[in-house]
Every structure is written in C-alpha cells, then in structure tokens.
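Single-letter residue listing:
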Amino acid sequence: MLKIQKFAAIDIGSNAVRLLISNIIEQDDEPTIFKKNSLVRVPIRLGADVFLKGEISEYNQERMLDTMMAFSLIIKSHGVSRYKACATSAMREANNSAPLSEKIFETCGINIETIDGEEEAAIIAATDLQSFINPNKTYLYVDVGGGSTEFSIIHNGDKKMSRSFKIGTVRLLNDIVKSETWRELENWIKENTKQYEKIELIGSGGNINKIFKISGKDVGKPLTYFYLTSYYKMLQNYSYEERITKLNLNQDRADVIIPATRIYLSAMKWSGAKDIYVPKIGLSDGIIKSMYYETVSSVEV
C-alpha cells in the first residue's frame, strides 16, 4: 500500500531563509522515499545586521514577516501535514529575536525553534549520510553557513563527534572572525583527524553546491583539492560586479562564495583530505528526516 504525505522544513539561516517541501513516500516492505517537491530561498542576510549591531533591523524584520507569511501560504496550498521551522546563528545571537519570533507566530502562525550549534550539527549529520558515504572510509563533514560552520567526523559509518564554530561566510565578509577562532578550529581538526590514515571531506551548503554544479562533475564524483584551490584563485581575480556579470553568480552568492571556499579549503588542508564530496544535503533535509523519524518512533511506541 502506497502512502504519500508532505512535510515542510524552514531553515532560517544567517545568509538566507529557505522553505523545503518534501514528499514522504511510504510503501509496504520498501524503504521510505524522500522526494524534494519545492524549494524557495530568500536571501534576507540576517547575519549582516546581527553580527555587527546585535539585532535585526526594522527593514529585515519586515522582510522576515513577509517571507514567513508567504511560506505559511505555500505550506497551506501544498497541503503539508507537518512542518518545523529552525533558526540558527543569527537568530540565536539577535537580542530582538524573541519579540520577532512572537510577532511571526501571531501574524503567520509559524512557530520558530531556535537551535544551538551542536543541535544544528546533529540534525545535519542525521540526513541519511549513509546513502552517500562508503562505510569503510573516514570523512570530515563540513556544513558552511552564514554565521557558523558545523563539523562532524564520521568513521566506518558512525558519527564520532560534532562541533560548531562561529566561522561563517557573513561573519568573514564583515571581518569579525577572530584569529583565535581560526586557530581553535585548526587545532580541533588536526587533533581529531590525525588518528586516521586517510580522510575525505563531505561538503554541504549553497556555495559548495554551486561550485559542484559549475564543475560539471557527475553526481557522486568528488572535487579535488587542486580544483577547489584553482577555483578559489580564479574567483579572487574577479571583482564582485564581474562575478555577477561574467561568472553568472547571483548577487547574494557572488560575495559569500569566496569566504565559503576558504573554509572548505582550510578544512581539507588541516585534515589532509585530497577530495571533497558534495551530496547536496543540508539543515532543511535534516529537519524533514528528523520529523519523519520522530513520527515513526512515536507510532512504534
């Protein structure tokens, strides 16, 4: 018997806000299928306010209200049976995030759950990585966001540890990442990967997805450290305007792609990884999966 339901995930990041709607397809004695139905991305860039001034501006509060109202209508028109909205780094640190969340709930009916960095890393790492990884290998999983980057070490199919660092693309653009934070990250990666003979990277986030698409590589094939280094140098030879007009990047991607690439390259260098795999998964996928598995476990109990 075939059962299809729709779940929605809202990821309120420091660079962009996303709505993912997925079809959950269940069949007797067959693995559950998670199929992306719709993805909407709005580049509000909350972090540009919060990391510099400590709060979300009036302008971006209005944009958030408009976006959440649009998302609530899309969720309704799709007939979504369950949704979850998670806010990350920027909303965590904004001193006016609580009244904004209350206003969004009163106006749009969307309840926002602000999660910490460790929970964010855990949700992302739970995105059925097993279907993307070789159980006999060791990986450093790197999810680059606007306000923070989440790292997980996966050995023989098991997640050994996760850690969130306040190194993100919007923070780097605004030059507010301390050198001590970089050193702390370097030490963490080196200390926790040195025991493994060979390690490979898994990268997620909009920027690495874009780089992978531009590379023309087949799905499942990795990008090399050499390719990523060459691409990083090439990006730096273009001005912001040229990256929009000549490289055909969106304006909200053309600036953050450089600091994002720096983070991936740093992680590869410090771990000794030669390859990076790009499975195109992220927090919104993790939210969908976690909601489904919560539903299944509650039914089984």
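Residues numbered from 1 in each chain as written. Predicted model: local features only at pLDDT ≥ 70, side-chain atom pairs only at ≥ 80, totals over all residues. Heavy atoms only, no water.

1. With respect to the sheet that holds strand β5 (residues 112–114)
In step 1: On the basis of which strands lie adjacent, the open sheet formed by five strands has the order β3-β2-β1-β4-β5 and mixed pairing. In this open sheet, the two strands that pair with only one neighbour each are β3 (30–42) and β5. Neighbour-to-neighbour, the strand axes of the sheet open up by a mean angle of 25°, direction not taken into account.
In step 2: When strand β4 (residues 82–87) meets β5, the two strands line up parallel, connected through three bridges. Looking across to β5, one finds that A85 is bridged to I112. (Pairing = 2+ DSSP bridges. Helix = DSSP H or I, 4+ residues; strand = E, 2+ residues; numbered from the N terminus. Axes fitted to C-alpha atoms, helices over the stretch in contact; angles between N-to-C directions.)

2. Thoughts on a negative patch on the surface
In step 1: Among the surface-exposed residues, E55, E58, E62 and D66 lie close enough to one another that they form a single negatively charged patch.
In step 2: The topology assignment puts E55 in the loop between α1 (46–53) and α2 (58–78).
In step 3: Under the relative-accessibility criterion, E55 is labelled partly exposed at 38%. (Patch = residues over 30% accessible without salt bridge, like charges linked within 9 Å, V, L, I, M, F, W, Y side chains within 5 Å. Areas by Shrake-Rupley, 256 points an atom, 1.4 Å probe, with all protein chains shown as cover. Salt bridge = Lys/Arg side-chain N within 4 Å of Asp/Glu carboxyl O. Lys, Arg positive; Asp, Glu negative; His and termini not counted. Charge placed at Lys NZ, Arg CZ, Asp CG, Glu CD. Buried < 20%, exposed > 50% of the residue type's maximum accessible area, 1.4 Å probe, protein only.)

3. Some remarks on the nonpolar core
In step 1: Counting 38 residues, the largest nonpolar core has L140, F151 and L228 as the members making the most contacts within it.
In step 2: Of all elements in the fold, only β6 (138–144), β7 (149–155), α7 (179–193), α8 (206–215), α9 (225–236) and α12 (257–271) reach the threshold of two or more residues within this core.
In step 3: With nine residues, α12 is the single largest residue contributor to this core.
In step 4: Residue contacts for L140: discarding those within four places in its chain leaves F151, S152, I153, W188, I189, I199, E200, L201, I202, A267 and S271. (Core = buried A, V, L, I, M, F, W, Y, C linked by side-chain atoms within 4.5 Å. Contact = heavy atoms within 4.5 Å.)

4. Here we look at the pattern of salt bridges
In step 1: Under the defined criterion, the tally for this structure stands at 16 salt bridges.
In step 2: The network of salt bridges with common partners includes E93, K166 and R171.

5. Re the sheet that holds β6
Backbone hydrogen bonds are what pair the strands of a sheet, in a parallel or an antiparallel way.
In step 1: In spatial order, the strands read β8-β7-β6-β9-β11-β10; together these six strands make up an open sheet with mixed pairing. In this open sheet, the two strands that pair with only one neighbour each are β8 (158–165) and β10 (223–224).

6. Comments concerning unusual backbone geometry
In step 1: The phi torsion at D29 lies on the positive side, around 60°, for a residue other than glycine.
In step 2: The topology assignment puts D29 in the loop between β2 (17–27) and β3.
In step 3: The exposed category is assigned to D29, whose relative accessible area is 81%.
In step 4: The backbone of N156 shows a phi angle near 50°, a positive value even though the residue is not glycine.
In step 5: Along the chain, N156 turns up in the loop between β7 and β8.
In step 6: Here N156 falls in the partly exposed class, since its relative accessible area comes to 40%.

7. Quick look at helix α4 (residues 97–108)
In step 1: The first and last C-alpha atoms of α4 sit 16 Å apart over 12 residues, in line with the 16 Å expected at 1.5 Å per residue.
In step 2: The set of residues buried in α4 consists of S97, L100, S101, I104 and C108. For α4, the buried positions fall inside an angular range of 100° around the axis, keeping them on one side.
In step 3: Where the residues of α4 are buried, they touch α2, α3 (89–93) and β5.
In step 4: Downstream of α4 by a residue or two, G109 has a phi angle that is positive, lying close to 75°. (Expected span 1.5 Å × (residues − 1). Arc of directions from axis to C-beta.)

Note that every value here comes from positions in space, so none of it alone points to a role or purpose.
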